[in-house]
Amino acid sequence: MKDFKNNIDPILSILLLISIVLPLTPIQSQVIHDHSGGEGNAIRQEIECISDEERKKVNEIINQNIKKFNIKNKKSSMIVPYEWPIQQNPSFDYNSTYAISNYVDHNPSYPNQLSDYNCGTHTYDTNNGYNHQGIDIYLWPFDHNQVNDNQTYAVAAAAGNIIAKQDGNADDNCALGNLPANYVIIEHSDGSRSWYWHLKQNSVTTKNIGSSVVSGEYLGVVASSGNSTGPHLHFECYDSNLNLVDPYAGQCNNMNSNTLWSNQKPYWEPTVNTLLTHNQPPSFQACPNLDITNIESNFVQGQLVYFAAYYHDQLTSSNSNYQILNPNGTVYSTWNHTPPNSYRSSYWYWSITLPTNAPTGTWSWNVTLDGVTVSRDFEVFTNNLTCSSAENISSCISYTTPTLNQGNGANNSGATHSCWYHYTPNFTGTIDIYSCNEGVDTRLWVYSGGCNGLNQIANADDECTLFPGGSTYATEILGVPVTSGIPIIIEWDDRWSPNSFEFYIDCNLPSCPLDYAGNNQLSGTQNTIADYETDGLIQSNQIIDANVDYDSGTAIELMQGFEVKIGKLFNAFIDGCGNLLRSEDTTTNK
């Protein structure tokens, strides 16, 4: 097996950066022209990933287990077909999580005399006479991140019984030194066996030796235990006579003439593993460090966005068509790209600065390769990262914040970035503001006044749970007094986390008066937005110089002197207390 980081042959990681700044208006399609790229240097493996000593020990363990646990497979004359031995954790959404670096070596000569089943050289041998005996399926992209997140599983290629397994060994190895691996070995109903090597520590199936498994059943997380220089699954197969076999059928397979796969994958399988959006280019780190992915799905108007496509088996004949779609589904930008060489793994990215007037909502980043389209959605929010650019809101609903990783708009110590909202109520009463059970550690500030003279009226930190029953690191402020038409300013900062989250504003209306009549009659000039509600009578001689609702449960009497100023909205409803300012059936004095 080989090192699976950037500088690997045949694993070639390619970098393309095209930087585009789109015009602010109009929003239109763009054409992409120049590109650049590069490839890694070859690193050659010097020792087998399963040593002779370890292989001998494992076979002794198998024989002991078969005897100890009385494991008996009724031998079938039907050859058991194999399914693909890895699957993605269903919690993730990559289109594919792997690439193949090495096949079985069919050329017994050595060193550097190679032949895989297809007569190619995607395999290796060593100076001491070892020829690679399995399929190396490595994680791509972000291999150690995938291990850390339990993203890719080794699964049973066919039904059978567990005849050996081992766990508890380090799983982030980067060098070769006869290190013990975590593994599972299965014997199938036709007497054949499959080996699953390099699994993650403490991830190996808890099923006992001798237990049966079905095809596709979880065996462990793909990692880098044993003699390994990067996270991958070493998949090795034997027939019922314990002869090494190659599951792939091909011209240069001198072990078996027929494929062992139920559906053999092609030698080259051009595939988009995933599309991602980033706030900075991804940064691949040396083994065993986690890659700095800079993955981001929430952006604001005017922000620089990096669009990255990750492939395995990308060919010079593989033309990719890229599209960025507006929230309304129209094409914002489109371009084509063909790689200069063929690669077992590759990635390309482009940067685009969103216009400051970019439509807010859900955008889509798509690529079509060989008739297959892969998509990734991302969100564009109003740029409300400073008080002066605060988003105007007025409804008692939920809102989603952008990611707080830019803007330098925080107003309080311990924080750098913030998002801001100008909330203008259309009623007089109180509101509750909270981010409970949204999974993000938050901090909240509420002000009156303007941006040049903020007057703090409330702040909160750690009042409610991140998740039901979880830690109380989320935030809530209850009972903030508000007056109809008078704005307050809301600030969420990045003191504890920059992550996007959803927050809520609940409206608490005061109890309705019995009526607005007699001594409680409405009078004077109403020059702020208001909503007067009662289950009784409304009498008024107000001068209406703002947008105003009257809502009575019985009758509305407009007295002498009542007036609606030109250009103002006055609404009258007879449906009782409890309705906020509405826009339907409005009457404007023109």
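The structure presented is a predicted model; accordingly, all values stated were derived computationally and were not measured.

1. A look at the overall build of the protein
Across its full length, the protein holds two helices and 38 strands. Within the protein, the fraction of its 590 residues that count as buried is 51%. In the protein, the share of contacts with a sequence separation of at least 24, taken over all contacts with a separation of at least 6, comes to 66%. Accessible area for the protein stands at about 24,900 Å²; split by element, carbon and sulfur atoms hold 46% of it.

2. Notes on the state of the cysteines
By the definition in use, this model includes five disulfides. In this model cysteine 174 forms its disulfide with cysteine 287; the gap between the sulfur atoms is 2.0 Å. Sign of the S-S torsion, about -85 degrees for the bond between cysteine 174 and cysteine 287, identifies this disulfide as left-handed. Placement of cysteine 174 in the loop between strand 6 (160-166) and strand 7 (183-188) and of cysteine 287 in the loop between strand 13 (271-278) and strand 14 (298-300) is noted, with a sequence separation of 113 residues between them. The class for cysteine 287 is buried, based on a relative accessible area of 19%. At a sulfur-sulfur separation of 2.1 Å, the disulfide partner of cysteine 436 is cysteine 464.

3. A look at the sheet that holds strand 26 (residues 455-461)
What the five strands build is an open sheet, ordered 21-23-28-25-26; its pairing is mixed. Of all the strands in the sheet, the pair left with one neighbour each is strand 21 (391-393) and strand 26. If you compare each strand with its neighbour and ignore which way they point, the axes differ by 25 degrees on average. The sheet contact formed by strand 21 and strand 23 (residues 418-423) spans three bridges and is parallel. Note that in strand 23 the partner of asparagine 392 across the bridge is histidine 422.

4. Some thoughts on the packing of aromatic side chains
Under the definition given, this model contains 51 aromatic pairs. Between the aromatic rings of phenylalanine 299 and phenylalanine 378, the centroid separation amounts to 6.0 Å while the plane-to-plane angle is 80 degrees, which identifies the pairing as edge-to-face. With phenylalanine 299 in strand 14 and phenylalanine 378 in strand 20 (residues 372-381), the pair connects residues that are 79 residues apart, well separated along the chain. The buried category is assigned to phenylalanine 299, whose relative accessible area is 0%. Members of the aromatic cluster, connected to one another through ring pairs, are Tyr82, Trp84, Tyr98, Tyr103, Tyr117, Tyr196, Phe235, Tyr248, Trp261, Tyr267 and Trp268.

5. Here we look at the pairing of strand 23
Taken across its six residues, strand 23 has five buried, putting it largely inside the fold. Judged from the six bridges that link them, strand 23 and strand 28 (residues 488-493) form a sheet pairing that is antiparallel. Of the residues in strand 28, the one forming a bridge with tyrosine 421 is isoleucine 490.

6. Looking at the confidence of the model for the protein
Summarising the model, the protein shows a mean pLDDT of 88, and 89% of its residues fall at 70 or more. Below pLDDT 50 for its whole length, residues 1-45 participates in 146 contacts with residues either more than four positions away or in separate chains. Here residues 581-590 is modelled with pLDDT under 50, and outside its nearest four sequence neighbours on either side it reaches 29 contacts, counting other chains as well.

7. With respect to the pairing of strand 3 (residues 98-102)
Along strand 3, five of the five residues are buried, which leaves the element largely enclosed by surrounding structure. Examined bridge by bridge, strand 3 and strand 4 (residues 135-139) share four bridges and lie antiparallel to one another. In the strand pairing of strand 4, isoleucine 100 is matched with isoleucine 137.

8. A word on the pattern of salt bridges
Side chains that carry opposite charge are capable of pairing whenever their charged atoms lie near each other. Using the criterion set out here, one finds eight salt bridges in the structure. Where lysine 207 meets glutamate 217, a salt bridge forms, and the shortest distance between an N and an O atom there is 2.8 Å. Placement of the pair is lysine 207 in the loop between strand 8 (193-197) and strand 9 (212-213) and glutamate 217 in the loop between strand 9 and strand 10 (218-221), with a sequence separation of 10 residues. Classification of lysine 207 as partly exposed rests on a relative accessible area of 30%. Its salt-bridge partner being glutamate 269, residue lysine 265 comes within 3.3 Å of it at the nearest N-O pair. On the basis of relative accessibility, which here comes to 22%, the residue lysine 265 falls in the partly exposed class.

9. Structural notes on the environment of isoleucine 543
For isoleucine 543, the location among the structural elements is in strand 33 (residues 543-544). Excluding anything up to four places from it in sequence, isoleucine 543 contacts Gly524, Thr525, Gln526, Gly561, Glu563 and Lys565.

10. Description of the sheet that holds strand 36 (residues 563-564)
Read across the open sheet, the three strands follow the order 30-33-36; overall the sheet is parallel. Since the sheet does not close on itself, it has two edges, and those belong to strand 30 (525-526) and strand 36, each with one partner. One ladder, built from two bridges, connects strand 33 with strand 36; its direction is parallel. Directly across from isoleucine 543, in strand 36, lies its bridge partner glutamate 563.

11. Notes on helix 1 (residues 52-68)
Across its 17 residues, helix 1 extends 24 Å between first and last C-alpha, which sits within 8% of the 24 Å expected from 1.5 Å per residue. Taken residue by residue, helix 1 has Glu54, Arg55, Val58, Ile62 and Asn65 as its buried positions. Seen from one end, helix 1 has its buried residues packed into an arc of 95 degrees, which puts them on one side. Away from its buried face by more than 90 degrees, helix 1 exposes Asp52, Glu53, Lys56, Lys57, Gln64, Lys67 and Lys68.

What counts and what doesn't
Sequence order sets the numbering: in each chain, residues are counted from 1 along the sequence as written. Selection of residues for local features in this predicted model requires a pLDDT of at least 70, selection of side-chain atom pairs for listing and counting requires 80 or more, and totals for whole chains, interfaces and linings are taken over all residues. Only hydrogens and water are set aside when side-chain values are computed; all heavy atoms of the structure are taken into account. What counts as a helix is a DSSP run of H or I of at least four residues, what counts as a strand is a run of E of at least two, and both are numbered from the N terminus. A simple rule labels every residue: compare its accessible area, found with a 1.4 Å probe on the protein chains alone, to the largest value its type can have, and call it buried under 20%, exposed over 50%, or partly exposed in between. Any two residues whose heavy atoms approach within 4.5 Å at even a single point are treated as in contact. Working definition of accessibility: Shrake-Rupley area with a 1.4 Å probe, residue cover restricted to the visible protein chains. When the sulfur atoms of two cysteines come within 2.5 Å, that pair is taken as a disulfide. When DSSP finds two or more bridges between two strands, those strands count as paired. Every angle, taken between N-to-C directions, lies between 0 and 180 degrees, and every axis is a line fitted to C-alpha atoms, over only the stretch in contact when it is a helix. Stacked, edge-to-face and tilted labels apply to pairs of Phe, Tyr and Trp rings (six-membered ring for Trp) whose centres lie within 6.5 Å, assigned for plane angles under 30 degrees, over 60, and everything in between, in that order. Each residue carries a pLDDT score, the predictor's confidence in it, ranging from 0 to 100. Throughout this description, the term salt bridge denotes a Lys or Arg side-chain nitrogen within 4 Å of a carboxyl oxygen of Asp or Glu. Every helix has an expected span of 1.5 Å times one less than the residues it contains. Here, the arc refers to the directions that run from the helix axis to the C-beta atoms.

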